[in-house]
Amino acid sequence: MKKLLFALLAFQVISCTGEKKEPSVASSHSSTETLALNLDEGKGIVNYSDSPHVALKSIDIGDCRWTEGFWADKWKIAEETMVPHMGEILKGDIGHAYNNFKIAAGLKEGEHKGFWWHDGDFYKWMEASTYIYAVNKDEKIAEELDEIISVIAQAQLENGYLSTPIIIRDDIEPFSNRRYHELYNSGHLMTAACIHNRVTGKTNFLDIAIKNADYLYNLFSPKPEHLKRFGFNQTQIMGLVELYRTTKDKRYLELAEQFINMRGTYKIEDDETTKGYPIGDMVQERVPLREETEAVGHAVLALYYYAGAADVYAETGEKALIDALDRLWENVTHKKMYVTGAVGQTHYGRSSRLDKIEEGFIDEYMMPNLTAYNETCANICNSMFNYRMLSLSGDPKHGDIMELVLHNSGLSGISLEGTHYYYSNPLRKIDGALDYEKMNVEFPERQPYLECFCCPPNLVRTIAKSPSWAYSKSQNGIAVNLYGGNELNTELLDGSPLKLRQQSNYPWDGAVKITINECKGDAFDLLLRIPQWAKGTTIKVNGEAVENVTPGQFAKINRKWSAGDVIEMDMPMETKFIEGHPRIEEVRNQVALKRGPVVYCIESADLPKGTDITDVYLSSDLKFSPSYKPDFLGGVTTLDGDILIRNDKTNGMYSVVEQPKFTTYSTHLIPYYAWSNRGQGEMSVFLPIIWNRQ
Ligand SMILES: [Zn+2]
């Protein structure tokens, strides 16, 4: 009965516009006809194979696998613990995500549990599981996914609608309020289904996504007045473009672009579809994207939106769109991003145009450490946006941000063993400074489950797909985006085979050795990303030095390669003090320590008992030396050296100060991502520094 009601509702929505549209023939046949065309084509993490405005194209999922070192270790934890453990949670009664689909399908009694976007988070876990399967080919994973997909298919309404909280509840109509996140759920459905199709060749999941996308097209393409402010938490733009790439059905690209075009074209005031959630800059609807000059609002919403717009640009090549994305990238990266690559400075605040903001961007250079919000999802979205910008432009500065997030504010979202999660990722923790009882997503330590479960599967799917980010295909060659021990077995864009092996203990060591195992006889390019921080990097090919190696650029080596050729790259891993822009008041006269891409912090566990983190100082003449400790915190390089601990305490709001007294203490700093794995304590990335004026 409920299903029939929804079908009628969708029909009414369409017909009241006076432009009732029947699903096109192409659409109703798309799941069979177009797939036959598609299955042998691109299987990239983002399928750029036919995208006309892309400089670097994705390698196929499964072409690269981590074999040794840092990312191999993390990926193994993802395979053995993160993904299966999360599956147990989400399929069980605590996570309840699978239960929701079973209830919606009529296979189980019960109520919906979890937030409106819980379906989307379940799809993210399915996507993660698919990436693991792409590498290990464990058929149990494929079978489990098939079983889940059959339940999802039964939960989907006849007309294609699919969002379990609304299907299960009797009191809410579909698309009556944008905070119900139906488009977010659809976006993750489409992305996960496209990835599943690429990896398995099956269409069972894809058919569900197509049916849902057709429903959305019929609903939104007539541009009904009351739906124009939807497009909330816009993962559907990425999902629709990916579905277009998979099926070649242009309606999906058209709809993706429509979600950009609709935004910011109406009066900003509360209406029936927006009640219960902040409006305006909070959801990037105050200014149309092509005119926007500042990153505003909820940081996850913003960066999903930008990433989706980058996907649309890859297909349309519209200059106004890429100009806006370049502007927004500059604004995020150089005025609103933390040293860890994290974004979204505050839990609550105002935009520069005075709209209420939650979990998002605030003023330029306003970068609190203690109260930094930095949702794990926002940080991950920053790297997703940068992967797309790297692909569009071929500019390795975007690869630097991907690397920064991956090694710092991404990984900090999960415990070393892979079972506990942080939602927010501040740069300082002081005991007693925050009342965690009053907060819903900030915690004194990582949690085994978060009721708002968006971040954990977002991070786990990113670790699971990280090998696919490691390389891209250039016009006539291969680009190395990320460093770490791996094997690549791919084809260049001309179809010629390329096999190579990368050996490295990166990020602890800057030495990278790449051995060509198989390649074509004609000359081609090997592009090596030289991070901006890697001054003094040297490259040798078969022992001969390569000229023109410039930080912040790809080193392009064009030659005829042959099996057995060896490229040796050495990035000097110096420990550096990092200071903030003079306008970041929160870090005036403080520094962070960074070695290669890894940002460090100091934690209570490495201080004398009872030491306040705010009493820790650095001195410019006290040096730190790196020390690799294979059995500490999963294998990390610590920075060992002396710090200063201030002994005289003041508690007044303002106090007269004379020469403070310090004690020298030998300890180590640890990588920021590994903090809070040794019980509760205090932590700080930025520390005040006493400069020796010699
Ligand atoms: Zn999240």
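Computed from a predicted structure; not experimentally measured.

A. Quick peek at the overall build of the protein. Summing up its helical and strand segments, the protein has 16 helices and 25 strands in all. Relative to the compact-globule value of 26 Å for 694 residues, the protein shows a C-alpha radius of gyration of 25 Å, a close match. Overall, the protein is about 80 × 70 × 45 Å in size when its C-alpha atoms are taken along their principal axes. Within the span of the protein, comprising 694 residues, buried residues form 61% of the whole. Long-range contacts, defined here as pairs at least 24 residues apart, represent 72% of the contacts in the protein between residues at least 6 apart.

B. Main features of helix α4 (residues 97–104). For α4, the tally of buried residues reaches seven of eight residues, placing the bulk of the element in the interior. Within α4, the full set of buried residues consists of Ala97, Tyr98, Asn99, Asn100, Phe101, Ile103 and Ala104. Positioned one or two residues after α4, Gly106 has a phi angle of 80°, which is positive.

C. View of unusual backbone geometry. With omega at 10°, the peptide bond leading from Tyr506 into Pro507 counts as cis. Mapped onto the secondary structure, Pro507 falls in the loop between β10 (497–504) and β11 (511–518). If you check the backbone angles, His96 has positive phi at about 65° while not being a glycine. By the secondary structure assignment, His96 is in the loop between α3 (70–91) and α4. You will see that Lys137, though not glycine, has its phi angle at about 55°, which is positive. Examined against the element boundaries, Lys137 turns out to sit in the loop between α5 (118–136) and α6 (139–155). The exposure class of Lys137 is partly exposed, given its relative accessible area of 46%.

D. Spatial organisation of the packing of aromatic side chains. A full pass over the atoms with the stated rule returns 31 aromatic pairs. Note on Tyr184 and Tyr304: the rings are 6.4 Å apart at their centroids and 65° apart in plane angle, and the pair reads as edge-to-face. One end of the pair, Tyr184, is in helix α8 (residues 182–200); the other, Tyr304, is in helix α12 (residues 299–316), with 120 residues separating them in the sequence. For the pair formed by Tyr184 and Tyr304, the shared burial category is buried. Both rings, one in Tyr373 and one in Tyr423, keep their centres 6.0 Å apart while their planes meet at 70°; by these two values the pair is edge-to-face. With Tyr373 in the loop between β5 (356–361) and α14 (376–393) and Tyr423 in the loop between α15 (397–410) and β6 (428–429), this residue pair connects regions lying 50 residues apart in the sequence. Neither residue differs from the other here; Tyr373 and Tyr423 are each classed as buried. By way of ring pairs, the aromatic residues Tyr98, Phe101, Phe122, Tyr123, Trp125 and Phe205 are connected into one cluster. A cation sits over an aromatic face here: Lys74 above Phe70, 5.2 Å from the ring centre. Taking the ring centre of Tyr217 as reference, the NZ or CZ of Arg251 above it sits at 4.9 Å.

E. Molecular detail of the confidence of the model for the protein. The predicted model of the protein has a mean per-residue pLDDT of 93, with 94% of residues at 70 or higher. Here residues 1–40 is modelled with pLDDT under 50, and outside its nearest four sequence neighbours on either side it reaches 66 contacts, counting other chains as well.

F. View of the side chain of Glu358. Looking at the secondary structure, you find Glu358 in strand β5. Side chain to side chain, Glu358 and Lys356 meet in a polar contact 3.4 Å long. For Glu358, the residues in contact, after removing those within four places along its chain, are Pro278, Met282, His298, Thr346, His347 and Tyr348.

G. Up close: the sheet that holds strand β1 (residues 57–58). In space, the five strands of this open sheet follow the order β1-β7-β8-β12-β15, with mixed pairing throughout. With partners counted over all chains shown, the strands left at the sheet margins are β1 and β15 (554–559), one partner each. The pairing of strand β8 (residues 477–480) with strand β12 (residues 524–529) spans four bridges and is classified as parallel. From the neighbouring strand, Ile478 faces β12, where its bridge partner is Leu526.

H. Examining the sheet that holds β5 more closely. The three strands lie next to each other as β3-β5-β4, forming an open sheet whose pairing is antiparallel. Both edges of this open sheet fall to β3 (297–298) and β4 (346–350), since each of them pairs with a single strand only. Two elements, β4 and β5, share four bridges in a ladder whose sense is antiparallel. Within β5, the position partnered with Tyr348 by the bridge is Glu358.

I. Up close: the coordination of the zinc ion. Listed as protein donors to the zinc ion are Glu375 (OE), Cys377 (SG), Cys454 (SG) and Cys455 (SG); their distances from the metal cover 2.1 to 2.3 Å. Mapping the donors of the zinc ion onto the primary sequence yields the spacing E-x1-C-x76-C-C. Placement of the pair is Glu375 in the loop between β5 and α14 and Cys455 in helix α16 (residues 455–469), with a sequence separation of 80 residues. With a relative accessible area of 1%, Cys455 lands in the buried category.

Conventions we followed
- The residue numbers shown here count from 1 along each chain, following its written sequence.
- Local features are withheld for residues below a pLDDT of 70 in this predicted model, meaning they are given only at 70 or higher, and side-chain atom pairs are given and counted only at 80 or more; totals for whole chains, interfaces and linings count all residues.
- The side-chain figures draw on all heavy atoms in the structure; neither hydrogens nor water molecules are used.
- The secondary structure listing takes helices from DSSP runs of H or I that are at least 4 residues long and strands from runs of E that are at least 2 residues long, numbered from the N terminus.
- Here the globule rule reads 2.2 Å times residues to the power 0.38, and the radius of gyration is calculated from C-alpha atoms.
- When accessible area is computed with a 1.4 Å probe and restricted to protein chains, residues below 20% of their type maximum are described as buried, those above 50% as exposed, and intermediate ones as partly exposed.
- The contact criterion used is simple: two residues touch if any of their non-hydrogen atoms lie within 4.5 Å.
- In this analysis, rings of Phe, Tyr and Trp, with Trp reduced to its six-membered ring, are considered paired at centre separations within 6.5 Å, and the interplanar angle assigns stacked below 30 degrees, edge-to-face beyond 60, and tilted for intermediate values.
- The rule for a charge over a ring is simple: NZ of Lys or CZ of Arg within 6 Å of the ring centre, and within 35 degrees of the ring normal.
- The predictor's confidence in any single residue is recorded as pLDDT, a number from 0 to 100.
- Think of a polar contact as two N or O atoms within 3.5 Å of one another; within protein, one of them needs to be a possible hydrogen donor and the other a possible acceptor, and neighboring residues in sequence only count if both atoms come from side chains.
- One requirement defines pairing of two strands: DSSP has to find at least two bridges between them.
- We call an atom a donor if it is N, O or S and sits within 2.8 Å of the metal, or 3.2 Å for Na, K and Ca. Water is not counted, so some sites may look partial.

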